[in-house]
Each structure stands twice: as C-alpha cells, then as structure tokens.
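Okay, here's what each chain looks like letter by letter:
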Amino acid sequence: IDLSVSWLGLEMKSPLYNASGVMCRSVEDLEAMRASSAGALITKSCTLEPREGNPEPRYFATKLGTINSMGLPNYGYQYYLDYAQNYDYANNKPLFISISGMTLADNLAIIKAFHERELPCILEVNLSCPNLPGKPQLGYDLPAAQNALEKICEFYDRPFGVKLPPYFDVSHFDQAAEVFNRFDLLKYVTCINSVGNGLVIDVDAESVVIKPKDGLGGIGGDYVLPTSLANVREFVRRLPGKQVVGCGGVKSGAEAFMHILAGAITVQVGSCLYEEGVGAFDRIAQELKDLMAAKGYSKLDDFRGKLKTL
Ligand SMILES: CC(C)(C)CCc1c(C(=O)O)[nH]c(=O)[nH]c1=O
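Keep in mind that this is a model prediction, so the values were computed, not measured.

1. Some words on the environment of aspartate 214
Then step 1. Tracing the chain through its elements places aspartate 214 in the loop between strand E13 (207–208) and strand E14 (216–220).
Then step 2. Residue class for aspartate 214 comes out exposed when judged on its relative accessible area of 68%.
Then step 3. C-alpha of aspartate 214 to C-alpha of leucine 199: the two residues are 15 residues apart in sequence and 8.9 Å apart in space.
Then step 4. The residues contacting aspartate 214, other than those within four sequence positions of it, are Leu199 and Val208.

See below:
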C-alpha cells in the first residue's frame, strides 16, 4: 500500500501532516513534527512581531472536538524564517510556512522577506487573518482577499497556497473560486480553518470554557467534518489546475479516506493531533492503509476525487 503524494514539485511519504496552529509554534514543536511520521510540516501562522496571544484558558476540548481563541501566539516571522533558512530540505519532508499578518502591509513585508531568500519552503497565506477593525476576516471579504492576492502576486513569483475559512452558501463557493482562479501561482487552497465563533458551555459551571471573546472561539474536530468535506469537494470542482488540502475532523483513517475521496491531495490533522500527539500520524496512516487494502486500493490516486453521487 503506497500512501505517497507528489505535488507542488514535492514528494511526501504520507498525505498526513499538522494543521497550522497545532504542534508548530516553537522549534521544539517543529522538530517533533519533523521527527514524526507526518509527510510534511507547517508552522504556526506568523505575524511581523512576536505575539503572546490571548489570555488563558484559550483552548478547550470536548468529546466532539475543540474550541480555541489562541489569538495568534507566535514568535514573530523572523523566528520561522530562521527555521526555514536552516532547514535541510534535501533530506527532510516538505516545510510549509503559514503567514497571518495583522495588516496587508505586514503580510506583504513578511512574504517579501521570505521571497528574498528564495527558500524551497512553500508559503500558505491564512485568509482568516484579521482585516481592518470592524471588517470581516479576509476570507469573508472577497474584494479585500482579491486585493491582497493581487498585491502578493505583484512580486511573489513562486507557487503558494491559502488557508480558507469554511463557506456555507453555494454562491460563496462560486464567488470565492472566481477570485482564486485569477491567480495562477495560487496552486492550492486548504479547506478548512476552524468554524468561526462557536460557543461551548459547561453545564455544571454554568459557564463558557475559554476566556477570550466571552467564550467565542473557532470550532474543530468531529463538529466540523461534514462542513470540511463539503468545502473540499466544492473547491475541487471549482478550481481546475489547483489542489485542495483537506483539513477538519480527521481523527482516523476513515476521515482521511473521506477527504481524499472528496478530492483532497493531502490531509491535515488539527484537534486530534493536539489531543493525541504525533502518534496520531502513525495510527491514522495505518488505519488508512487497512481501509485501502480492504477496498483493493494500492495507492491514493486509485480513489482520489472519486466520491460517488446518487
Ligand atoms: C483567528 C486568528 C487569530 C485571526 C488567526 C489565527 C487562528 C487561530 C488563533 O491563533 O486563534 N485559531 C484558529 O483556529 N485559526 C486561526 O487561523
């Protein structure tokens, strides 16, 4: 059974890696990812300056998933640029760098800094990054997203990706795809980021479970699987010549299989990785292999994008 993936001019031995934000803030985290059986690794979204992030508790897990309002805690882009400059690309799994500047100017400055060093790492722009105060996140302000992508593509001349929030209206899939299809160097989209502004309530305490935003936070885990699968399938249909990375609700071989059946090129693990640790990559990969063997598949292309409709 072959789980390898070849895309973006990269080779991955496994389609599984971390969702940005999980096990990727510090060099220790990144080295644990690099030493794991994950097929790649991606850094925590970085900003121009280091950030402490929001007051704790800012993360909470339930039986059905997670809620977080971390607030972009990261060591600043230079920390990740240093890691990317010292990374041994020839002898290691692919490295992705997530960018989430607090302003467009910050995003452009960070991307320019990476561009100047012509490193093999692939940039992923987090479109859930903050927009002007009072305006929706970039991913939900498509004219602003288009403007940002235009400014990036004025100078950035290498393949890159974007991390997308979930969309819920078919017209939004159409409108978002219309923007993304304007940019040839935008080679992939990652669907999805956490489902925004959920609220988890603790009945015993009669309280919210995280401190920021009076308890509102991004939702991940089992809660979001149908939404993530829909976003993967709908963007695969609408973005010819681009790839879609599946992210959301992956906790076993079955969900990884679903994402690939829906058309995902690779599959990210977030909530489950946070709760289980890097052993999740070995377990999920084995479960995926067992499922493929039971179905008579020997490689991912045997079933990628072949979801049947009725
Ligand atoms: C939500 C933002 C803080 C604007 C971006 C960073 C981020 C965070 C975070 O750092 O709170 N959490 C997520 O689930 N997804 C994200 O993209």
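2. Digging into the nonpolar core
Then step 1. Core analysis: the largest hydrophobic core is formed by 93 residues, its most contacted members being Phe114, Phe180 and Phe235.
Then step 2. Among the elements that make up this core, the one with the highest residue count is helix H9 (residues 279–295) (six residues).
Then step 3. With near-sequence residues (within four places) excluded, phenylalanine 114 lies in contact with Tyr77, Tyr80, Leu81, Ala84, Ile97, Ile99, Leu119, Cys121 and Leu123.

3. Things to note about a nonpolar patch on the surface
Then step 1. On the surface, Leu199, Ile201 and Val208 cluster together into a nonpolar patch covering about 260 Å² of accessible area.
Then step 2. Turning to its location among the elements, leucine 199 is positioned in strand E11 (residues 195–199).
Then step 3. Owing to a relative accessible area of 47%, leucine 199 belongs among the partly exposed residues under this scheme.

4. Looking at the pairing of strand E6 (residues 65–68)
Then step 1. Here strand E5 (residues 59–62) runs beside E6; their pairing, made up of four bridges, is antiparallel. Bridging across to E6, threonine 62 finds its partner in glycine 65.
Then step 2. Once E5 ends, the chain turns through two residues before running back antiparallel as E6.

5. Quick word on the packing of helix H1 (residues 27–35) against helix H2 (residues 77–86)
Then step 1. Direction vectors running N to C along H1 and H2 enclose 35 degrees, while the axes themselves pass 11 Å from each other. In this structure, H1 meets H2 at a crossing whose hand is right-handed. Across the interface between the two elements, Val27, Glu28, Leu30, Glu31 and Arg34 from H1 touch Tyr79, Tyr80 and Tyr83 from H2.

6. Side note on the side chain of lysine 163
Then step 1. Mapped onto the fold, lysine 163 is located in strand E9 (residues 160–164).
Then step 2. Buried charged residue lysine 163 carries no salt bridge. Nearest counter-charge: glutamate 124, at 4.7 Å.

7. Section: the packing of aromatic side chains
Both the distance between ring centres and the angle between the ring planes are used here to describe each pair of aromatic rings.
Then step 1. This model, assessed by the stated rule, comprises 17 aromatic pairs.
Then step 2. Geometrically, the ring pair formed by phenylalanine 96 and tyrosine 188 is edge-to-face, given 6.1 Å between the ring centres and 85 degrees between the ring planes. Here tyrosine 188 lies in strand E10 (residues 186–191) and phenylalanine 96 lies in strand E7 (residues 95–99), a separation of 92 residues in the sequence.
Then step 3. Judged by its relative accessible area of 0%, phenylalanine 96 is buried.
Then step 4. Given the relative accessible area of 0%, tyrosine 188 is considered buried.
Then step 5. Members of the aromatic cluster, each reached through a chain of ring pairs, are Tyr140, Tyr167, Phe173, Phe180 and Phe235.

8. Looking at the environment of arginine 158
Then step 1. Mapping arginine 158 onto the fold places it in the loop between helix H4 (142–153) and E9.
Then step 2. Through-space distance from the C-alpha of arginine 158 to that of leucine 186 is 8.7 Å; in sequence the pair is 28 residues apart.
Then step 3. Setting aside anything within four residues of it in sequence, one finds arginine 158 in contact with Leu119, Pro120, Cys121 and Leu185.
Then step 4. Here leucine 119 takes part through its backbone oxygen, which lies 2.8 Å from a polar atom of the side chain of arginine 158.

Procedures and definitions
Residues numbered from 1 in each chain as written. Predicted model: local features only at pLDDT ≥ 70, side-chain atom pairs only at ≥ 80, totals over all residues. Heavy atoms only, no water. Helix = DSSP H or I, 4+ residues; strand = E, 2+ residues; numbered from the N terminus. Buried < 20%, exposed > 50% of the residue type's maximum accessible area, 1.4 Å probe, protein only. Contact = heavy atoms within 4.5 Å. Core = buried A, V, L, I, M, F, W, Y, C linked by side-chain atoms within 4.5 Å. Patch = residues over 30% accessible without salt bridge, like charges linked within 9 Å, V, L, I, M, F, W, Y side chains within 5 Å. Areas by Shrake-Rupley, 256 points an atom, 1.4 Å probe, with all protein chains shown as cover. Salt bridge = Lys/Arg side-chain N within 4 Å of Asp/Glu carboxyl O. Pairing = 2+ DSSP bridges. Axes fitted to C-alpha atoms, helices over the stretch in contact; angles between N-to-C directions. Left-handed = near helix turned anticlockwise from the far one by under 90°. Lys, Arg positive; Asp, Glu negative; His and termini not counted. Phe/Tyr/Trp six-rings, centres within 6.5 Å; stacked < 30°, edge-to-face > 60°. Polar contact = N/O pair within 3.5 Å; in protein donor to acceptor, adjacent residues only side chain to side chain.

Any link to function would need more than the numbers given here.
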